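Working through the structure, step by step
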Amino acid sequence: MSTLAKSKANDAKIITLGCRLNTFESEVMGRHARKAGLDGAVIVNTCAVTGEAVRRARQSIRRARRENPDAKVIVTGCAAQVDADMFAAMDEVDHVLGNAEKMNARSWSFTKTTPRVQVGDIQSEHKIHAHNIERFGSRARTYIEVQNGCDHRCTFCIIPFGRGPARSVPVDEVVAQVKKIADNGVAEVVLSGVDMTSWGKDLPGTPPLGALVGAILRGVPTLPRLRLSSIDAIMIDDELMALVRDEERLTPYLHLSLQSGDNMILKRMKRRHSREEAIELCAKLKSARPGIAFGADFIAGFPTETETMFENTLKMVEECDLSYLHVFPFSPRTGTPAARMPAVPPAIAKERAGRLRVTGGQALCRHLERHVDTKGDVLVEKQGFGRLADFTPVKLDDTLPVRVGAIIPVKINAHDGEKLIGQII
Ligand code: SF4
């Protein structure tokens, strides 16, 4: 996914690829670029999660240069961090900034003596702080960074080499940041990071993620909705489990990083959970908060995956009662252990991903069916569209003017297999 952000006519254009954390960081970089007077510059904030993501980054850079022949083109993000020389070798590129450098305002004052490549050792980054934004433009929800980096080494993943060690924004800074955003009238804040459930491990007293969520909900009673971005299934702490059960404002949706439904594959991925633990956790969350919905990431065709192993992943969709699947056919990332494992033919990986998406579509229909003839509150994201607290998309009658960012009562009359059809009441 790529987004093009530009708030004022001659502001720098920011092309954001990849995850929500990149979206948040692009917002902060936009401010640094504006303060540095980089009018008309083009910033490409890259992703390195798959070979395809890097290909898209190069494609976006070439297009940016074609469409802006005189602009300064600046490349940042995980792909730039992991392979700075490759981007520096592109004629289209003026500057390459690493993931730590991009968040530092000083990196954006380019002079004749500024080195073309400013990419430091991300593994030596151990501290992060809040960046104090008020909101993202007119968006109904705002993502904020509470955690960055990762200390795990899943065998398919390049992210730790782009993002560095796990590090957490201190709780009081997060609460102050969320308060500022809520005071600005934003109805929903999404806590974002790379490995969210490791939040606090590097802070005094090693508080769990549940302590942060609890502090935000107590510290910002005016915030209608608090959402968690993707989390590592098994690492949910007791405090967080209790908040999921008791706190209406903590939205009943969790995106779980499951990756596979087969124990041997999970072992070869170096994941920290078994299929049984994931199923048990989903059942526990459903009994704690009956209306909760789950999304999940899956890789199809991981090296050595047999048809029987893949069927364990297909079965997992119903066993965990998942509603939304993000499915990726395995693509080897140079430099990761999985890239050296005996591969499943790409055509089979693609075919399995196709079957898993079909299973996901059926699961989504089951989820949508449950909402028909019910009432719920929708956060309006744009005219005629919004989402329930469990993240279900709802199409609204777009002739009725509603304020983006408002939470409105809606009666659900039907669904079209992808979203609900709602009537404002
Ligand atoms: S937990 Fe695993 S998949 Fe997630 S960022 Fe860390 S190494 Fe990558």
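Residues numbered from 1 in each chain as written. Predicted model: local features only at pLDDT ≥ 70, side-chain atom pairs only at ≥ 80, totals over all residues. Heavy atoms only, no water.

Right, let's talk about the overall build of the protein for a bit. Counting its secondary structure elements, the protein contains 12 helices and 19 strands. Its C-alpha atoms give the protein a radius of gyration of 22 Å, near enough to 22 Å, the size a compact globule of 425 residues would have. When the backbone C-alpha atoms are referred to their principal axes, the protein occupies close to 65 × 55 × 50 Å. Sequence separation of 24 or more characterises 71% of the internal contacts of the protein that already satisfy a separation of 6 or more. Working note: accessible area of the protein is about 18200 Å², and carbon and sulfur atoms make up 55% of it. (Helix = DSSP H or I, 4+ residues; strand = E, 2+ residues; numbered from the N terminus. Rg over C-alpha atoms; globule rule 2.2 N^0.38 Å. Contact = heavy atoms within 4.5 Å. Areas by Shrake-Rupley, 256 points an atom, 1.4 Å probe, with all protein chains shown as cover.)

Following the criterion strictly, the structure yields 24 salt bridges and no others. Among the salt bridges present, the one from Glu 188 reaches Arg 225, with a minimum N-O distance of 3.6 Å. With a gap of 37 residues between them, Glu 188 in strand E10 (residues 188-192) and Arg 225 in strand E11 (residues 225-228) connect regions that are remote in the sequence. Among the charged side chains, a network of salt bridges with common partners joins Arg 141, Glu 188, Arg 225, Arg 227, Glu 381 and Arg 387. (Salt bridge = Lys/Arg side-chain N within 4 Å of Asp/Glu carboxyl O.)

Two faces make up the sheet, and in a regular strand the side chains alternate between them. Buried residues dominate strand E4 (residues 73-77), accounting for 5 of its 5 residues. Alternating positions in E4 separate into two faces, Val 73, Val 75 and Gly 77 on one and Ile 74 and Thr 76 on the other, with burial throughout. One crossover worth recording links strand E3 (residues 42-46) to the parallel E4 by way of helix H2 (residues 51-67), and it is right-handed. Bridging between E4 and strand E5 (residues 95-97) involves 2 bridges; their strand directions are parallel. Across the sheet, Ile 74 pairs through a bridge with His 95, a residue of E5. (Buried < 20%, exposed > 50% of the residue type's maximum accessible area, 1.4 Å probe, protein only. Right-handed = clockwise from strand over helix to strand, strands pointing away. Pairing = 2+ DSSP bridges.)

Burial analysis of helix H7 (residues 209-219) places 9 of its 11 residues in the buried class, the great majority of the element. Taken residue by residue, H7 has Leu 209, Gly 210, Ala 211, Leu 212, Val 213, Gly 214, Ala 215, Ile 216 and Leu 217 as its buried positions. Elements in contact with the buried residues of H7: helix H6 (171-183), E10, E11 and helix H8 (238-246).

In terms of residue burial, strand E7 (residues 141-145) counts as a mostly covered element, since 5 of its 5 residues are buried. By the alternation rule, side chains of E7 split into Arg 141, Tyr 143 and Glu 145 and Thr 142 and Ile 144, which are all buried. Two strands pair when backbone bridges link them, and E7 and E10 are joined in this way by 5 bridges, in the parallel orientation. Note that in E10 the partner of Glu 145 across the bridge is Ser 192.

We now examine the sheet that holds strand E15 (residues 375-382). One closed barrel accounts for 5 strands, arranged E15-E16-E17-E19-E18; its pairing is mixed. In this sheet, neighbouring strand axes are inclined to one another by 50° on average, regardless of whether the strands run parallel or antiparallel. Taken together, the 3 bridges between E15 and strand E16 (residues 385-387) define a ladder with antiparallel strand orientation. Directly across from Lys 382, in E16, lies its bridge partner Phe 385. Across the sheet, helix H12 (residues 346-371) lies against strand E18 (407-415) and strand E19 (420-424), angled at about 115° from E18, the strand it touches most. (Axes fitted to C-alpha atoms, helices over the stretch in contact; angles between N-to-C directions.)

Nothing here speaks to function; it is all geometry.
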